[in-house]
Protein chains: 2
Amino acid sequence: MRWDGLHVIDREGPTPLYVQVADAVEARIKTGDLPVDRPIPSENQLVQEYEIARGTARKTIQLLRERGLVVTIVGRGTFVRPHPD
Amino acid sequence: MRWDGLHVIDREGPTPLYVQVADAVEARIKTGDLPVDRPIPSENQLVQEYEIARGTARKTIQLLRERGLVVTIVGRGTFVRPHPD
DNA sequence: TACCATTTGTCCGTATGTATG
DNA sequence: CCATACATACGGACAAATGGT
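Residues numbered from 1 in each chain as written. Chains lettered and ligands numbered in written order. Predicted model: local features only at pLDDT ≥ 70, side-chain atom pairs only at ≥ 80, totals over all residues. Heavy atoms only, no water.

**Topic: the side chain of Glu26(B)**
All names here are of chain B.
And step 1. Among the structural elements, Glu26 can be located in helix H1 (residues 17–30).
And step 2. Taking the relative accessible area as the measure of exposure, Glu26 reaches 19% and is therefore buried.
And step 3. A polar contact of 2.8 Å, which involves the side chain of Glu26, links it to the side chain of Lys30.
And step 4. The residues contacting Glu26, other than those within four sequence positions of it, are Leu64, Arg67 and Leu69. (Helix = DSSP H or I, 4+ residues; strand = E, 2+ residues; numbered from the N terminus. Buried < 20%, exposed > 50% of the residue type's maximum accessible area, 1.4 Å probe, protein only. Polar contact = N/O pair within 3.5 Å; in protein donor to acceptor, adjacent residues only side chain to side chain. Contact = heavy atoms within 4.5 Å.)

**Focus on the pattern of salt bridges**
Residues and elements named next belong to chain A.
And step 1. Under the criterion given, the structure shown has 12 salt bridges over all chains.
And step 2. Here Glu49 makes a salt bridge to Arg28, at a shortest N to O gap of 3.9 Å. Taken together, the residues span a long stretch of sequence, with Glu49 in helix H2 (residues 43–50) and Arg28 in helix H1 (residues 17–30) at a distance of 21 residues.
And step 3. Take Arg28: its relative accessible area is 15%, and that puts it in the buried class. (Salt bridge = Lys/Arg side-chain N within 4 Å of Asp/Glu carboxyl O.)

**Re the protein's contact with DNA strand C**
And step 1. Taken together, the neighbourhood of DNA strand C is formed by 18 residues, with Glu43(A), Arg54(A), Glu43(B), Arg54(B) and Arg58(B) sitting nearest.
And step 2. Counting only the atoms of DNA strand C that lie within 4 Å of the protein, the sugar and phosphate share comes to 60%.
And step 3. In this structure, a base nitrogen belonging to DNA strand C sits 2.7 Å away from a side-chain N or O atom of Arg54(B).
And step 4. Within the side chain of Arg58(B), a nitrogen or oxygen atom sits 3.3 Å from a phosphate oxygen of DNA strand C.
And step 5. For the surface near DNA strand C, the elements supplying multiple residues, two or more each, are helix H3 (54–66) of chain A together with helix H3 (54–66), strand E1 (70–73) and strand E2 (77–80) of chain B.
And step 6. If one sorts the elements of the surface near DNA strand C by residue count, H3(A) sits on top with three residues.
And step 7. Residue composition of the surface near DNA strand C, grouped by class: two nonpolar, eight polar and eight charged. (Near = heavy atom within 4 Å. Nonpolar A, V, L, I, M, F, W, Y, C, P; charged D, E, K, R; others polar.)

Structure representation (structure tokens):
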């Protein structure tokens, strides 16, 4: 069975949507579900998977960059960086 | 006289650009100016004719698809469907 | 075979306006 | 006032499919 991660999102709670989605993606990176040097879900895919606006998806990816987890290449996508461990 | 449809577009009004352009193209379909099984203007042609961004042209065509007026074939174009009437 | 132009598909980046809490 | 979230609109870059040379 495939896990879409939808159930971890709480739209009523105090945590911003983009932080919740970033946490969910970070978890998938940490477990290896999203492998190093492979792309994470695109903005539009995040929009569909989590039912969020594109601006929210962009904030999610920006936060993941600030956390040092991913690098973005214009016109290609956002990729998982090698883990520092 | 030739009608370019440009003058019907209102960039200040409340109606989104892509809806206005879709309405204009739908009118051309309804009058037979764009015949059945023939292509409508390509995305790039809509960009030039209406002076809009390509993303706006894509939303226009997507809306026409949702209205059931056209079908799109990758690498070929978007074509007028047979009228249901 | 290879190449090329056209067209649609898919990405990212940016900006503005509106609405809500 | 400010942060969050969504919708609209613009721009650029690259990929895939098609059809022709």
